[in-house]
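# Observations on chain architecture
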Amino acid sequence: MGGLLLMDSRLCVGRLMTFRRSLMKISTSICFGCVALLLVSCSPKKEPDVLQIKIGGRSMSKLPFVIAYDQGLYEKYGLDVELLMGTPEFEGARDPHAKFWRRVVRKLGFESYPETEITVSGHTPAMYGQTRNAQRSKRIAIATTDCSVRYYVVARSDIQSLEDIKGKRIGINSPGTTSAFAAFRLIERMGWDPRFDVSILEDGRQVADIEKGLVDVVIGGDETYEEALRLGYPILEDTRDWGDELSGNSAMVDVGWLEEGDNREQALQFLKAALEGLAIFHQDPDLAVDVALRWYGIPDRATAEGRIQRADYVPRKPYPCREGIINTMRIHDSHEMRQYQSSDFYDDSLIRELDESGFIDALYGD
């Protein structure tokens, strides 16, 4: 009998403990909900709509958009911006986060995550993707900070000239990338047949892939240049010397987005902030280096300074690259690409409006 009473009391205690834990969970959820609602209700003013900007990668021509974030310029022009950034090349790079209270209310389901409305990334890859992938968004460039084919041709130590590349293996990341564009342009300039005169191998774009014997030549940007110098491989060509254009890192929006609601006005304010960030990039290189060190995680100041010095291709007036778009349409010619006109891929009316108003010149004291 005593044993049964002992079992009953243990059962009751167990049930009480389970009930107590349930109450605690409910209370915690209620508390978090109350805190979230309190944070929202205590805001001094109604928050504007969130403008989510995605920056793919961390190249120098994207840095002006990051400077604008770092220096509070988006807020200066009345925008509540959330920034998403691609995977950094170096460890220790800073990653932006939504405001704390916003993360709380979203976690609790009181607010949904906004869609990415402006993307800063390579426009040539976007054009390539949307003409080869049925699911890919149709996007237009509204500003471009990189119209130059600005890559470095690095080869095996026994390859001494561009002519020696014929019959060799060129490593690229994937066919739609801007560095691959440079590879295809090299083949075109040399008068070679890409089917028979060279081998184009994907996923072999690092100088280390030459060391491993996987490819004979790679074409890449700053990281390729630095790696070639470190490992002692010859840099055969700086493609900036060609004076060729592609459509590189651009602020892009979905087709039709500018015509919806107040999106055009938001895009205009976004560009004002980005243009001011661009002016800092050109006029205050020390600050630009500081931002690159913080947000890109570049390991030392000398490397960051070198990257910014080599970024002389970044324009002060970032009009979309019409000539680069035309070149992309030629290099990536296809039946689907021919369904478009070059004007289908960009809208320069916002930059032109800001330029003609004197806004850009005033940033440089002109």
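Presented here is an overview of the structure given in this document. Numbering of residues begins from 1 in every chain and follows the order in which that chain's sequence is written. Under the rules for a predicted model, residues below a pLDDT of 70 receive no local features and side-chain atom pairs below 80 are neither given nor counted, while totals for whole chains, interfaces and linings still include all residues. Only hydrogens and water are set aside when side-chain values are computed; all heavy atoms of the structure are taken into account.

Once that is clear, we can look at the packing of aromatic side chains. Stacked, edge-to-face and tilted labels apply to pairs of Phe, Tyr and Trp rings (six-membered ring for Trp) whose centres lie within 6.5 Å, assigned for plane angles under 30 degrees, over 60, and everything in between, in that order. Per the stated rule, a full pass over the model turns up six aromatic pairs. Ring geometry for Phe 65 versus Phe 270: centroids 6.0 Å apart, planes at 10 degrees, classification stacked. In this pair, Phe 65 sits in helix H2 (residues 63-70) while Phe 270 sits in helix H9 (residues 263-283), placing the two residues 205 residues apart along the sequence. Just as Phe 65 is buried, Phe 270 falls in that class too. With a centroid separation of 4.8 Å and 45 degrees between ring planes, the pair formed by Tyr 152 and Tyr 225 is classed as tilted. Elements are defined by DSSP. Helices are runs of H or I of four residues or more, strands are runs of E of two residues or more, and each kind is numbered from the N terminus. Categorising residues by exposure relies on relative accessible area from a 1.4 Å probe, with only protein chains included: less than 20% of the type maximum marks a residue as buried, more than 50% marks it as exposed, and the intermediate range marks it as partly exposed.

Time to look at the pattern of salt bridges. Salt bridges are defined by distance alone: a side-chain nitrogen of Lys or Arg within 4 Å of a carboxyl oxygen of Asp or Glu. This structure, assessed with the given rule, holds 24 salt bridges. We note a salt bridge from Asp 254 to Arg 139, for which the minimum N-O separation is 2.8 Å. Taken together, the positions of Asp 254 in strand E10 (residues 249-254) and Arg 139 in strand E4 (residues 139-144) put the pair 115 residues apart, joining distant regions of the chain. A relative accessible area of 11% means that Arg 139 is categorised as buried.

Attention now goes to the packing of H9 against helix H10 (residues 285-296). Where H9 meets H10, the closest approach of the two axes is 5 Å, and the angle between their N-to-C directions is 110 degrees. Here H9 lies roughly perpendicular to H10, going by the angle between them. Here Ile 280, Phe 281, His 282 and Gln 283 of H9 lie close against H10, whose contacting residues are Pro 285, Leu 287 and Ala 288. Classifying every residue of the contact of H9 with H10 gives five nonpolar, two polar and no charged. Under this scheme, a helix contributes an axis fitted over its contacting stretch, all axes are lines through C-alpha atoms, and angles between N-to-C directions fall in the 0 to 180 degree range. For classification, angles of less than 35 degrees are called roughly parallel, those exceeding 145 degrees roughly antiparallel, those between 65 and 115 degrees roughly perpendicular, and all remaining angles oblique. Two residues qualify as a contact provided that any one of their heavy atoms is within 4.5 Å of a heavy atom in the partner residue. Under the convention adopted here, Pro, Cys and the residues Ala, Val, Leu, Ile, Met, Phe, Trp and Tyr are nonpolar, Asp, Glu, Lys and Arg are charged, and Gly plus all remaining residues are polar.

Residues belong to one nonpolar core when they are buried, are Ala, Val, Leu, Ile, Met, Phe, Trp, Tyr or Cys, and are joined through side-chain atoms within 4.5 Å. Ranked by size, the top nonpolar core spans 57 residues in total, and within it Ile 53, Met 60, Leu 63, Tyr 74 and Phe 270 carry the most contacts. If you tally residues by element for this core, the top one is H9, at 11 residues. Setting aside residues up to four positions removed in sequence, Ile 53 forms contacts with Tyr 74, Val 81, Glu 82, Leu 83, Leu 84, Ile 118, Val 120 and Phe 270.

Paired strands are those between which DSSP finds at least two bridges. One open sheet holds the five strands; their spatial order is E7-E6-E8-E5-E9, and the pairing between them is mixed. Lying at the two open borders of the sheet, with one neighbouring strand each, are strand E7 (199-202) and strand E9 (235-238). Averaged over neighbouring strand pairs, the angle between their axes works out to 25 degrees when direction is ignored. By the bridge criterion, two bridges tie strand E6 (residues 169-172) to strand E8 (residues 217-220) in an arrangement that is parallel. Within the sheet, the bridge partner assigned to Gly 171 lies in E8 and is Val 218. Packed on one face of the sheet, helix H8 (residues 222-231) meets strand E5 (152-155), E8 and E9 and runs near 35 degrees to E5.

Like-charged residues within 9 Å of one another, or nonpolar side chains (Val, Leu, Ile, Met, Phe, Trp, Tyr) within 5 Å, are grouped into patches, provided each residue has over 30% relative accessible area and no salt bridge. Computed by Shrake-Rupley with a 1.4 Å probe, the accessible areas treat only the displayed protein chains as cover when residues are assessed. His residues and chain termini do not enter the charge count, which takes Lys and Arg as positive and Asp and Glu as negative. Charged groups are reduced to one reference atom each: NZ for lysine, CZ for arginine, CG for aspartic acid, CD for glutamic acid. On the surface, Asp 49, Asp 262, Glu 265, Glu 353 and Glu 356 cluster together into a negatively charged patch. Along the chain, Glu 353 turns up in helix H13 (residues 349-356). For Glu 353, a relative accessible area of 39% gives the class partly exposed.

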